[in-house]
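Descriptive analysis of the structure
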Amino acid sequence: MDPAVLSRVVQEVVRLYPADSYGMIFFSHASGWLPEGTLTAPRSMGVDEESEMELVEFAAALPDKLFDFIILETCFSAGIELAYELKDKADYILGSSAEIVSPGFRPIYSGYMNYLFTKETGLAGFAEQAFEWVSSQSGIYQSGTLSLIRTSALPALATWLSSHISETDLSDQLEDIQHFDRYTYRLFFDLEDYYSRLVDENDRETLSRLIADCLIYKAATSSFMDSYAYRGFVINQHSGFTTYILQNEFPYLNEQYQQMSWYKAVYR
């Protein structure tokens, strides 16, 4: 997946179809912010056959302030790292903390596309319909997480965290923090569950409010593919965002993570 091609397509759409506003629906296998080649089945931000595109490349291919919204029908797309990297690209981002179980949003597009033309209210309605459809399924297909993110509120959260988090080592608590992946290792943790352990107890209410300010809508089923055969998990907490946590066994991921805009905003 070539970011130069994506950039040319967006420019051509704007040139051929001038409009007051634009939205993007992006569909692909993906693994959030993770860099190319770091998983057994690497996917990064998007993949086209053997070609991958990383998050930073995806963001660079999109003009600033062009889109009212970006709907990411991609797995692990509600990561705070992803949202922060795209905060100047769209006013709203719809994504998922966990994987998106097939067939994704496709069952509701035909009936609810008109919702996407009324910005915040309509986008929230679209997200609600998508979650209602997932909730109506059975077995492992009744698995889903959704977050409608207001990107303008993200810098306030990053700024506050940068002056309130401690340097506490939580490596012995990783098994206790809510996760949203089905790997034998953990890469996608609940944002609030993690950061609430790094701030003073008196500051946790403020943290919750700042996270809530970033979200127009969020929802999660009680579990995700919760079957031994699928290595599923129970969802006890769902703040609407995930985050990576630095871990000694992943030095390359740690190095790449420290290059992300979110890390730089909070830790430097």
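In the block above lies the structure referred to throughout.
Presented here is a report on the structure given in the accompanying data block. (Residues numbered from 1 in each chain as written. Predicted model: local features only at pLDDT ≥ 70, side-chain atom pairs only at ≥ 80, totals over all residues. Heavy atoms only, no water.)

1. Some words on the sheet that holds strand β4 (residues 67-73)
Remark on secondary structure: sheet strands pair via backbone hydrogen bonds, oriented parallel or antiparallel. Taken in spatial order, the 5 strands of this open sheet run β1-β4-β5-β6-β8, and their pairing is mixed. Because the sheet does not close on itself, it has two edges, and the strands there are β1 (22-27) and β8 (215-220). Across the sheet, the mean angle from the axis of one strand to that of its neighbour is 10°, orientation sign disregarded. (Pairing = 2+ DSSP bridges. Helix = DSSP H or I, 4+ residues; strand = E, 2+ residues; numbered from the N terminus. Axes fitted to C-alpha atoms, helices over the stretch in contact; angles between N-to-C directions.)

2. Digging into the pattern of salt bridges
On inspection of all chains with the given rule, the structure shows 8 salt bridges. In this structure, K65 engages D88 in a salt bridge whose closest nitrogen and oxygen atoms are separated by 3.9 Å. Taken as a pair, K65 in the loop between α2 (55-61) and β4 and D88 in the loop between α3 (80-85) and β5 (90-95) lie far apart in primary sequence, 23 residues in all. Classification of K65 by relative accessible area gives exposed; the value is 63%. Residue class for D88 comes out partly exposed when judged on its relative accessible area of 31%. Between R150 and E120 there is a salt bridge whose closest N-O contact spans 3.4 Å. (Salt bridge = Lys/Arg side-chain N within 4 Å of Asp/Glu carboxyl O. Buried < 20%, exposed > 50% of the residue type's maximum accessible area, 1.4 Å probe, protein only.)

It is worth stressing that arrangement in space is one thing and function is another; only the former is reported here.
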